[in-house]
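Residue strings, one per chain:
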Amino acid sequence: MRANRVTALFGLGIVLVGAVLRYWGSLGDLWLDEIHSLEVVLRLGQASEIFTSVPGDNNHHLNSLFLYALGWQAGWTAYRLLSLVTGAATVLMGGLIGWRRGPLTAATTAFLLSLSFPLIVYSSEARGYAPAVFFALVAFY
């Protein structure tokens, strides 16, 4: 019983480290393609146009729907909230997938995912990569 509690606390610590790293990464200014996506989405008349009228492949549909639902925000960091949440959840999901092989594999997997530079970048930008990675892991699980 005590070993399970220690393992759970250690796993929670790993997820928190990953979440903090992603949060710090999201504090910078919006990138030009994030601004472009936001500008395109905010010009739409209704949400269904995200699937029919948005040109290019700059953004994931789920992220575009999130941006559309938020509308214009003075605090632009809100636009990255979906990426932050799914990025931190990716670390947790990786740990759950690793748990199938045991606690050491779960901890190692979560640790590596929490410190992965590309995943930190994906999770700190409003582009749709973080939700795509998270839901791919959910489907694999």
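What you see is a predicted model, and the numbers here were worked out from it, not measured in a lab.

### Concerning helix α2 (residues 32–42)
Buried within α2 are the following residues: Glu34, Ser37, Leu38, Val40 and Val41. Axial view of α2: buried residues confined to an arc of 165°, hence all on one face. Each element contacted by the buried residues of α2 is listed here: α4 (61–70).

### Things to note about the layout of surface pockets
The space that makes up the largest pocket amounts to roughly 290 Å³. If you trace the largest pocket, you find 17 residues lining it, with Thr7, Gly11, Leu92, Gly95 and Ala106 closest to the centre. Among the elements of the structure, α1 (2–25), α5 (81–99) and α6 (103–115) are those that each provide at least two residues to the lining of the largest pocket. Ranked by residue count, the leading element in the lining of the largest pocket is α1, at eight residues.

### Side note on the packing of α5 against α6
Each pair of packed helices gets described by two things: the angle between the helix axes and the distance between those axes. At their nearest, the axes of α5 and α6 sit 7 Å apart, and the two run at 155° to each other. In terms of orientation, α5 lies roughly antiparallel with respect to α6. When you trace α5 past α6, the crossing you get is right-handed. Contacts from Thr90, Val91, Gly94, Gly95, Gly98 and Trp99 of α5 reach α6 at Pro103, Thr105, Ala106, Thr109, Ala110, Leu113 and Ser114. Partitioned by chemical class, the residues of the contact of α5 with α6 number six nonpolar, seven polar and no charged.

What counts and how
- Residues numbered from 1 in each chain as written.
- Predicted model: local features only at pLDDT ≥ 70, side-chain atom pairs only at ≥ 80, totals over all residues.
- Heavy atoms only, no water.
- Buried < 20%, exposed > 50% of the residue type's maximum accessible area, 1.4 Å probe, protein only.
- Helix = DSSP H or I, 4+ residues; strand = E, 2+ residues; numbered from the N terminus.
- Arc of directions from axis to C-beta.
- Contact = heavy atoms within 4.5 Å.
- 1 Å grid on protein atoms, 1.4 Å probe; cavity = no way out; pocket = protein on both sides within 12 Å on 5 of 7 lines; lining within 4 Å.
- Points joined across faces, edges and corners; volume = space filled by probe spheres on them.
- Axes fitted to C-alpha atoms, helices over the stretch in contact; angles between N-to-C directions.
- Parallel < 35°, antiparallel > 145°, perpendicular 65-115°, else oblique.
- Left-handed = near helix turned anticlockwise from the far one by under 90°.
- Nonpolar A, V, L, I, M, F, W, Y, C, P; charged D, E, K, R; others polar.

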